[in-house]
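Given next are the chains, with one letter for each unit.
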Amino acid sequence: MRKIILTLLLTASVVSVAIAQNSYIPYKTFDGEHKNEISGYAMGGNNVVTDGFGGLAVSYTRHLTPRWHVGGDAQMQFGKELFSVDVQGGYRLPIKWGNISFDGKIMYNFYHKFGFHEMAYNISATWESAYVDIRLGETLVHYHSHVWGIGWGYTETPLLTFGFGVNIRHRDNPWNLGLFFRNYDDFYYENWNINWGIRWYARIKQRWNLFGEFNIRPAGSMSQLASKYEGSVKLGLKYKW
Amino acid sequence: MTMKARHIYIAATLAAVAMLNTSCEKVSPQGVLMAGTAVEDRVEMSYKYYRENNMEQKFDYDLEDFTKDGYSFLVGADSHITTDLGRMNEMFQIGLDNDDLFFCHLGDIADTKPDYYINLQNCLSEAKVKYVEKYYTFDEETHEYYRKGAQIPLPKEYRDIQFPFFPVVGNHDLTHNGWALWSNIFGSSFYEFEVAVGVDDNGKLICDHFIFLDTASGTLGKLQVDLIEQGVLDGKNYYNYRYTFVFSHTNIFLPQHMQFASTFPREEAYFLLKQFDKWEASIVFCGHVHKWDEQVFNGVYFLTLDSMSERNSPEPGDYLVRVNIDKDGILDIEKVHMSYVAPKK
């Protein structure tokens, strides 16, 4: 059953890329017209510890000015029994070769299956050009178990957050396809376990965009024994006004 | 994209591909994205070996007589043996001199190359000779060995005497498909055993519990998670457990920022922390990052050991840990000094 769901999601992603025809507004970059963006995606995958999982995520971004934005995200995942919520904000600095944005994010995760509460604080800088984007930042993660109470917890040493993405077409094109390598996802930050995968986006109507990802999340990347840990697919819609 | 930019892009791609296909003895760059030795295969083989060789029984009854007055064991990590066996020999000699009951190793025992594993095997063989000389008597008539001090000494052939060295597997033991070499010597990377320390008022055997996990790949893998959830390592319900010690190559907590080492992914770290709580673990020993660290989380003591390798830690230092448990069951941890220094070339 899990294989069938995964196959359907993957097929839907591929078909959506094929039918896309219009232009794309880069993620969280103000397009000069619309001040609000709301998006949602469905995800599904398989994880070594939790087996199959699936869930829904929503995101809202408000462009206060062409330079400043704020927003928030939330997700619920079944299988992992994970609930997440975050608030974030950032400043975009246009330069000759694209944009550099400076972002901050505060995120709360509740891993109900394991009984862990987690807080993550991230600051990062992202350079986004026509074909390539690079992200560097720092993340501080604190967690504790709800079984043992608030007093028991551990704060990790700051984690380097990094990401690299490359698109096959200029980012202003109506559809695009790219590769990414990164040690984070929308709702988690890792140390040196490097996610990689395929991402795409496509505009289907004036205000509607489709997007998706196929994400391989190995364990042990820096141990040089990167092993199967998690594979997942996302398929989402974004609306702006 | 301009022509110049396109050339740079192609050159960078070719360089990355070349890098991923290049390998040296210690590094396996392609393993950053995909592995050659799968944890599922290792655990399947290990569990089969563990059951068929009755590993948990093999050690327990040898030691029952020798722990009533307390005992100690020695732990080392990341020896990365190549051609210099100085530190490994020193670890064994320290343990034999102190009458430590057994030795545990936290993985990355040898860098993966057949020659290095032959060196490791020779080192273990020499240590076994010293061990047998110290703890066994040889009967000239029957040509059998008897453990000194045993209440009921059982005759043994030399090959049946187990040198008490209990390792977990590390990532450097496995790069370049080293599992064939490692498993040939040690058999299983996933096992547990008990050390009997007494009998309670109900006649139940009181034991200390030792659990060894295969975390070399930075994940337990699906099969190992399933086996743990099935309770394969939970021990036996007819034993009464006093202390539980867990051994893992990959560490849970990162001792310092910007360390180029993978630890467990989020869900798996939380799964393990919950599991340690279920096992009522006393101490979790980890290696991997070549950096000393100690943490207490929910009453579980986490010790991450520095590398004992003469290349990673060339200066003499406290690279080993000894756990002493006295006859009253009081547990004490001490760092043990190593003084071997590699000769200058």
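Residues numbered from 1 in each chain as written. Chains lettered and ligands numbered in written order. Predicted model: local features only at pLDDT ≥ 70, side-chain atom pairs only at ≥ 80, totals over all residues.

**Regarding the overall build of chain B**
Across its full length, chain B holds nine helices and 13 strands. By residue count, 43% of the 345 residues in chain B fall in the buried class. (Helix = DSSP H or I, 4+ residues; strand = E, 2+ residues; numbered from the N terminus. Buried ≥ 20, exposed ≤ 12 C-beta atoms within 10 Å, placed from the backbone.)

**Here we look at the overall build of chain A**
Regarding its fold elements, chain A presents one helix and 15 strands. Taking all 241 residues of chain A together, the buried fraction comes to 40%. Pairs at least 24 apart in sequence give 49% of the contacts found in chain A among residues at least 6 apart. (Contact = placed C-beta atoms within 7 Å.)

**Thoughts on unusual backbone geometry**
All names here are of chain B. The phi torsion at Glu-280 lies on the positive side, around 55 degrees, for a residue other than glycine. As for its placement among the helices and strands, Glu-280 is situated in the loop between α9 (266-279) and β9 (283-286). Overall, the presence of 13 C-beta atoms within 10 Å leaves Glu-280 in the partly exposed class. Of note, Asn-298 is a non-glycine position whose phi angle comes to about 50 degrees, a positive value. Among the structural elements, Asn-298 can be located in the loop between β10 (293-297) and β11 (300-304).

**Let's talk about helix α5 (residues 114-135) of chain B**
Residues and elements named next belong to chain B. Taking 1.5 Å of rise per residue, the 22 residues of α5 would be expected to cover 32 Å, and the 31 Å separating its terminal C-alpha atoms lies within 8% of that figure. Among the residues of α5, Tyr-116, Tyr-117, Leu-120, Cys-123, Ala-127 and Tyr-131 are the ones counted as buried. Angularly, the buried residues of α5 cover 115 degrees about the axis, an arc narrow enough to put them on a single face. Exposed residues on α5 whose side chains face more than 90 degrees from its buried face are Pro-114, Asp-115, Ile-118, Asn-122, Ser-125, Val-129 and Glu-133. Contacts from the buried residues of α5 go to α4 (86-97) and α7 (179-186). (Expected span 1.5 Å × (residues − 1). Arc of directions from axis to C-beta.)

**What to know about the pairing of strand β10 (residues 175-182) of chain A**
All names here are of chain A. Pairing between strand β9 (residues 159-167) and β10: five bridges, direction antiparallel. Note on β10: the bridge partner recorded for Val-166 is Leu-179. Pairing between β10 and strand β13 (residues 195-203): eight bridges, direction antiparallel. Its bridge partner lying in β13, Trp-175 is registered against Ala-202. (Pairing = 2+ DSSP bridges.)

**A word on the sheet that holds β9 of chain B**
Each strand in a sheet pairs with another by means of backbone hydrogen bonds, the pair being arranged parallel or else antiparallel. Residues and elements named next belong to chain B. One open sheet holds the six strands; their spatial order is β6-β7-β8-β9-β11-β10, and the pairing between them is mixed. At either margin of the open sheet sits one strand with a lone partner, and together these are β6 (191-199) and β10. Across the sheet, the axes of successive neighbouring strands diverge by a mean angle of 20 degrees, strand direction being ignored. Bridge analysis of strand β7 (residues 205-212) against strand β8 (residues 239-248) gives seven bridges, and the strand direction is parallel. Bridge assignment links Ile-211 to a residue of β8, and that residue is Val-246. Each of β7, β8, β9, β10 and β11 is contacted by α9, which is oriented at about 155 degrees to β8, the strand it contacts most. (Axes fitted to C-alpha atoms, helices over the stretch in contact; angles between N-to-C directions.)

**Some remarks on the pairing of strand β15 (residues 227-240) of chain A**
Both strand β1 (residues 36-47) of chain A and β15 of chain A contribute to a ladder of 11 bridges, which runs antiparallel. The residue of β15 of chain A that forms the bridge with Ser-39 of chain A is Lys-238 of chain A.

**Digging into the confidence of the model for chain B**
Per-residue pLDDT for chain B has a mean of 86; in total, 85% of the residues score no lower than 70. Here residues 13-27 of chain B is a poorly scored stretch, pLDDT under 50, and it has 12 contacts once near neighbours within four places are set aside; other chains count. (pLDDT = per-residue confidence, 0-100.)

**With respect to the environment of Val-195 of chain B**
All names here are of chain B. For Val-195, the location among the structural elements is in strand β6. Classification of Val-195 as buried rests on a count of 24 C-beta atoms within 10 Å. Residues Val-195 and Cys-207, 12 residues apart in the sequence, show an inter-C-alpha distance of 5.3 Å.

**A short note on the nonpolar core**
One finds Val-75, Val-246, Phe-247 and Phe-285 of chain B to be the most contacted residues of the largest nonpolar core, which totals 92 residues. Counting residues in hydrophobic clusters, the runner-up holds six residues, among them Trp-175, Trp-200, Tyr-201 and Ala-202 of chain A. (Core = buried A, V, L, I, M, F, W, Y, C linked by C-beta atoms within 7 Å.)

**What to know about α4 of chain B**
Residues and elements named next belong to chain B. Over its 12 residues, α4 extends 16 Å from the first C-alpha to the last, a length consistent with the 16 Å expected when each residue adds 1.5 Å. Taken residue by residue, α4 has Arg-87, Met-88, Glu-90, Met-91, Phe-92 and Gly-95 as its buried positions. Lining the buried residues of α4 we find β1 (70-76), β2 (102-105), α5, β12 (317-326) and β13 (331-338). Asp-99 sits one or two residues past α4 and shows a positive phi near 60 degrees.

**So, the sheet that holds β2 of chain B**
Residues and elements named next belong to chain B. With mixed pairing, the five strands of this open sheet are ordered in space as β5-β2-β1-β12-β13. Pairing within the sheet leaves two strands with one partner each, and these edge strands are β5 (165-167) and β13. The mean inter-strand angle of the sheet, taken between neighbouring strand axes irrespective of direction, is 25 degrees. Alignment of β12 against β13, held across seven bridges, turns out to be antiparallel. Paired with Leu-320 across the two strands is Val-336, which belongs to β13.

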